[in-house]
Amino acid sequence: MRYDLVIFDNDGVLVDSEPISNRLLAAYLTELGHPTSYEDSIRDYMGSAMHRVHDLVLERTGKRLPDDFDDVFHARVFAAFQRELKPVPGVEAVLEKLAADGTPYCVASSGSHERIRVGHRTTGLDRWFDDTRIFSAQDVGRGKPAPDLFLHAARQMGVAPERCVVVEDSPLGVRAGVAAGMDVLAFTAMTPAARLTGARHFFSQMHELPGLLA
């Protein structure tokens, strides 16, 4: 394989959570008096840490979100995950191949550790990711599009950035991977390739990914 470490984003790449979480985020922001459509949420917040939601709402309206915003939102998301969440189609076969080949991999997500683990337990992906393979924006000072999270994951896994490849599906994540000096493979299932500029390759089905890693 041409890389020494595969770094996966989580939401939208490993677990098919983006439709669920963005639907709920748009509804909650609208409920609080900040009208937001599903499309708005995808455009503005997909792939970002929660602080970006707070920052953009404050910047645009001059009003702060409630102190319990994150807790209420995550409670709604986790409840929906239990009812609806599935793995991204084809990703289990990719993980099985990486494990069989002895290829190092990990996840580096804008979501919290709790969100990552809830999603993995719900979908059965937890068998592929022990604690040593899970990295969250909680672990670093700045989330995507800053490179900090990807650099932290590479450092913890003992791999130089230039030997890493990032699998991402959001503009913020692609920017973070490029800024980290890593190749980025952009998954276009939800985001058009035109919005994922900077990626080395684009793919729309998970079964295409192993061929791009070889």
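All of the points below concern the structure found in this document. Remember, it's a predicted structure, so these values are computed and weren't measured experimentally.

Conventions and cut-offs
- Residues numbered from 1 in each chain as written.
- Predicted model: local features only at pLDDT ≥ 70, side-chain atom pairs only at ≥ 80, totals over all residues.
- Heavy atoms only, no water.
- Axes fitted to C-alpha atoms, helices over the stretch in contact; angles between N-to-C directions.
- Helix = DSSP H or I, 4+ residues; strand = E, 2+ residues; numbered from the N terminus.
- Parallel < 35°, antiparallel > 145°, perpendicular 65-115°, else oblique.
- Contact = heavy atoms within 4.5 Å.
- Nonpolar A, V, L, I, M, F, W, Y, C, P; charged D, E, K, R; others polar.
- Phe/Tyr/Trp six-rings, centres within 6.5 Å; stacked < 30°, edge-to-face > 60°.
- Lys NZ or Arg CZ within 6 Å of the ring centre and 35° of its normal.
- Patch = residues over 30% accessible without salt bridge, like charges linked within 9 Å, V, L, I, M, F, W, Y side chains within 5 Å.
- Areas by Shrake-Rupley, 256 points an atom, 1.4 Å probe, with all protein chains shown as cover.
- Salt bridge = Lys/Arg side-chain N within 4 Å of Asp/Glu carboxyl O.
- Lys, Arg positive; Asp, Glu negative; His and termini not counted.
- Charge placed at Lys NZ, Arg CZ, Asp CG, Glu CD.
- Buried < 20%, exposed > 50% of the residue type's maximum accessible area, 1.4 Å probe, protein only.

**Side note on the packing of helix 4 (residues 69-84) against helix 6 (residues 113-123)**
Okay, so step 1: Direction vectors running N to C along helix 4 and helix 6 enclose 10°, while the axes themselves pass 10 Å from each other. Here helix 4 lies roughly parallel to helix 6, going by the angle between them. Contact residues: helix 4 offers F73, H74, V77, F78, F81 and Q82, while helix 6 offers E114, R115, V118, G119 and T122.
Okay, so step 2: Looking at side-chain class alone, the contact of helix 4 with helix 6 contains five nonpolar, four polar and two charged residues.

**Some remarks on the packing of aromatic side chains**
Okay, so step 1: The full count for this structure, using the stated rule, is five aromatic pairs.
Okay, so step 2: Taken together, a centroid distance of 4.8 Å and an interplanar angle of 5° make the contact between Y28 and F69 stacked. Of this pair, Y28 sits in helix 1 (residues 18-31) while F69 sits in helix 4; the two residues are 41 residues apart in sequence, bridging distant segments of the chain.
Okay, so step 3: An aromatic cluster is defined as three or more aromatic residues linked by ring pairs; in this entry it consists of Y28, F69 and F73.
Okay, so step 4: The ring centre of Y28 lies 4.4 Å from the NZ or CZ of R76, which sits over that ring.

**Some thoughts on a negative patch on the surface**
Okay, so step 1: A contiguous patch of negative charge on the surface is contributed by D67, D68, D71 and E114.
Okay, so step 2: Tracing the sequence through the fold places E114 in helix 6.
Okay, so step 3: Look at E114 and you get exposed, because its relative accessible area is 52%.

**Section: the side chain of R115**
Okay, so step 1: Position of R115 among the secondary structure elements: in helix 6.
Okay, so step 2: Classification of R115 as buried rests on a relative accessible area of 8%.
Okay, so step 3: Setting aside chain neighbours within four positions, we find R115 in contact with D11, S17, S21, F73, H74, V77, F78 and F81.

**Remarks on the pattern of salt bridges**
For side chains of opposite charge, pairing can occur when their charged atoms come near one another.
Okay, so step 1: Tallied over the entire structure, the rule returns 14 salt bridges.
Okay, so step 2: We note a salt bridge from K144 to D9, for which the minimum N-O separation is 3.0 Å. Within this pair, whereas K144 is found in the loop between strand 3 (134-136) and helix 7 (148-157), its partner D9 is found in the loop between strand 1 (5-8) and helix 1, the two being separated by 135 residues in sequence.
Okay, so step 3: Residue K144 is classed as buried on the basis of its relative accessible area of 3%.
Okay, so step 4: The class of D9 is buried, set by a relative accessible area of 3%.
Okay, so step 5: Note that R43 is salt-bridged to D40, the shortest N-O span being 3.4 Å. With R43 and D40 both in helix 2 (residues 38-45), this residue pair falls three residues apart, about one helical turn.
Okay, so step 6: With a relative accessible area of 23%, D40 lands in the partly exposed category.

**Brief notes about unusual backbone geometry**
Okay, so step 1: Here the amide bond leading from K144 into P145 is cis, since omega sits at 20°, within 30 degrees of zero.
Okay, so step 2: Tracing the chain through its elements places P145 in the loop between strand 3 and helix 7.

**What to know about helix 6**
Okay, so step 1: Within helix 6, the full set of buried residues consists of H113, R115, I116, V118, G119, H120 and T123.
Okay, so step 2: Residues of helix 6 that are buried in the fold lie against helix 1, helix 4, strand 2 (105-109) and strand 3.
Okay, so step 3: The first or second residue beyond helix 6 is G124, which carries a positive phi of 85°.

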